[in-house]
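Take a look at the letters that make up each chain.
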Amino acid sequence: EDQVTQSPEALRLQEGESSSLNCSYTVSGLRGLFWYRQDPGKGPEFLFTLYSAGEEKEKERLKATLTKKESFLHITAPKPEDSATYLCAVQAGDSNYQLIWGAGTKLIIKP
Amino acid sequence: NAGVTQTPKFQVLKTGQSMTLQCAQDMNHNSMYWYRQDPGMGLRLIYYSASEGTTDKGEVPNGYNVSRLNKREFSLRLESAAPSQTSVYFCASSLQGIGSPLHFGNGTRLTVT
């Protein structure tokens, strides 16, 4: 069964303390892995798409990487405004319209 | 640019009542989606519309119906609400399929008592 698992469920960091979020997947035929950010009371907002192992994407303090089994979202010197829930989703197999979503990691950055 | 607009933002229903959630996008996107989000679970696809005039079932379609009214609008109907349908509902759109980024509305928080 295709599955996406995110860890940890929640992560509390001090401002400036770098860390990584994990998204592991077991799917047949990965076609793309997506990262989204979700603020409380809002819909998810697109961050990155990764297509193949070894690929990396960066945006401000965020860098996403991909291996054959997992993806990491690295957060460097985070600020309180980086606090949000980060969602990972995978497109696999023949589907052009269905993503498999992880449950998310809630990130809290304390000033 | 409004993006994806959902109404209402909050709704409380009694078991057995019906309602329609409205969604409109102004980005000229072809594909639209309805998801539900429950605590501790990933987003689950209810229905999607690949393009104007077509709709298809997603992962959890039971108890729901949809209408793609035109290219801009995609509505979700609960004919007889049940407590298990208490959730946050998100509408999303994309240029074409999930290979292009999804743009989400801000959700409808539905409680069924």
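If you're wondering where the values come from, they're calculated on a predicted model, not measured in any experiment.

Criteria and thresholds
- Residues numbered from 1 in each chain as written.
- Chains lettered and ligands numbered in written order.
- Predicted model: local features only at pLDDT ≥ 70, side-chain atom pairs only at ≥ 80, totals over all residues.
- Heavy atoms only, no water.
- Core = buried A, V, L, I, M, F, W, Y, C linked by side-chain atoms within 4.5 Å.
- Buried < 20%, exposed > 50% of the residue type's maximum accessible area, 1.4 Å probe, protein only.
- Helix = DSSP H or I, 4+ residues; strand = E, 2+ residues; numbered from the N terminus.
- Contact = heavy atoms within 4.5 Å.
- Pairing = 2+ DSSP bridges.
- Axes fitted to C-alpha atoms, helices over the stretch in contact; angles between N-to-C directions.
- Buried area = accessible area lost by both parts, 1.4 Å probe.
- Salt bridge = Lys/Arg side-chain N within 4 Å of Asp/Glu carboxyl O.
- Polar contact = N/O pair within 3.5 Å; in protein donor to acceptor, adjacent residues only side chain to side chain.
- Nonpolar A, V, L, I, M, F, W, Y, C, P; charged D, E, K, R; others polar.
- Phe/Tyr/Trp six-rings, centres within 6.5 Å; stacked < 30°, edge-to-face > 60°.

A. Spotlight on the nonpolar core. Of all hydrophobic cores here, the largest spans 24 residues; its most connected members are Leu33, Trp35, Leu73 and Tyr86 of chain A. Every element with two or more residues in this core is listed here: strand E2 (10-14), strand E3 (19-26), strand E4 (30-38), strand E5 (45-50), strand E7 (62-66), strand E8 (70-75), strand E9 (84-92) and strand E11 (105-110) of chain A. In terms of residue count, E9 of chain A provides more of this core than any other element does, 5 residues in total. In this structure, Tyr86 of chain A is in contact with Gln6, Leu21, Trp35, Tyr36, Arg37, Leu47, Leu62, Leu73, Gly104, Thr105 and Leu107 of chain A, ignoring residues within four places of it in sequence. In terms of nonpolar packing, the next biggest core, distinct from the first, is built from 20 residues, Leu76, Ala81, Cys91 and Val112 of chain B among them.

B. Structural view of unusual backbone geometry. Here the amide bond leading from Ser7 of chain A into Pro8 of chain A is cis, since omega sits at -10°, within 30 degrees of zero. As for its placement among the helices and strands, Pro8 of chain A is situated in the loop between strand E1 (3-7) and E2. Cis peptide bonds are those with omega within 30 degrees of zero, and the linkage from Thr7 of chain B to Pro8 of chain B qualifies with -5°. Residue position: Pro8 of chain B is located in the loop between strand E1 (4-7) and strand E2 (10-13). Phi at Glu60 of chain A takes a positive value of approximately 55°, unusual for a residue other than glycine.

C. Region of interest: the sheet that holds strand E8 (residues 74-78) of chain B. Residue and element names in this part refer to chain B. Ordered by their spatial adjacency, 4 strands build an open sheet running E1-E3-E8-E7, and the pairing between neighbours is antiparallel. Pairing within the sheet leaves two strands with one partner each, and these edge strands are E1 and strand E7 (64-68). When the angles between neighbouring strand axes are averaged without regard to direction, this sheet yields 15°. Pairing analysis gives 4 bridges linking E1 to strand E3 (residues 19-25), with the strands arranged antiparallel. Of the residues in E3, the one forming a bridge with Gln6 is Cys23.

D. Representation of the sheet that holds E1 of chain A. Residues and elements named next belong to chain A. The sheet built from 5 strands is open, its strands ordered E1-E3-E8-E7-E6 with antiparallel pairing. Looking at strand neighbours, the two that pair on one side only are E1 and strand E6 (56-59), the edges of this open sheet. Averaged over all neighbouring strand pairs, the angle between strand axes comes to 15°, with direction disregarded. Examined bridge by bridge, E6 and E7 share 4 bridges and lie antiparallel to one another.

E. Fine view of the interface of chain A and chain B. Across the contact, 19 residues belong to chain A and 24 residues belong to chain B. Both faces combined, the contact of chain A with chain B buries some 1600 Å², and carbon together with sulfur accounts for 59% of it. Together, Tyr97, Gln98 and Trp101 of chain A form the three largest contributors to the area buried by chain A at its contact with chain B, with a combined 40%. Between the two partners, chain A and chain B, sit 0 salt bridges. The interface formed by chain A and chain B includes 6 residue pairs in polar contact (both at pLDDT 80 or more). Mapped onto the side of chain A that touches chain B, the elements with two or more residues apiece are E4 and E9 of chain A. Broken down by element, the side of chain A that touches chain B gets its largest block of residues, 3 residues, from E4 of chain A. When the residues that make up the side of chain A that touches chain B are grouped by side-chain class, the tally is 10 nonpolar, 8 polar and 1 charged.

F. Quick look at the packing of aromatic side chains. With the rule as written, the count across this model stands at 10 aromatic pairs over all chains. An angle of 85° between the planes, with centres 5.9 Å apart, marks the rings of Trp101 of chain A and Tyr35 of chain B as edge-to-face. Within this pair, whereas Trp101 of chain A is found in strand E10 (residues 100-101), its partner Tyr35 of chain B is found in strand E4 (residues 31-37), the two belonging to separate chains. By the burial criterion, Trp101 of chain A is buried, and Tyr35 of chain B matches it. The rings of Tyr36, Phe46 and Trp101 of chain A together with Tyr33, Tyr35, Phe90 and Phe104 of chain B are connected pair by pair, giving a single aromatic cluster.

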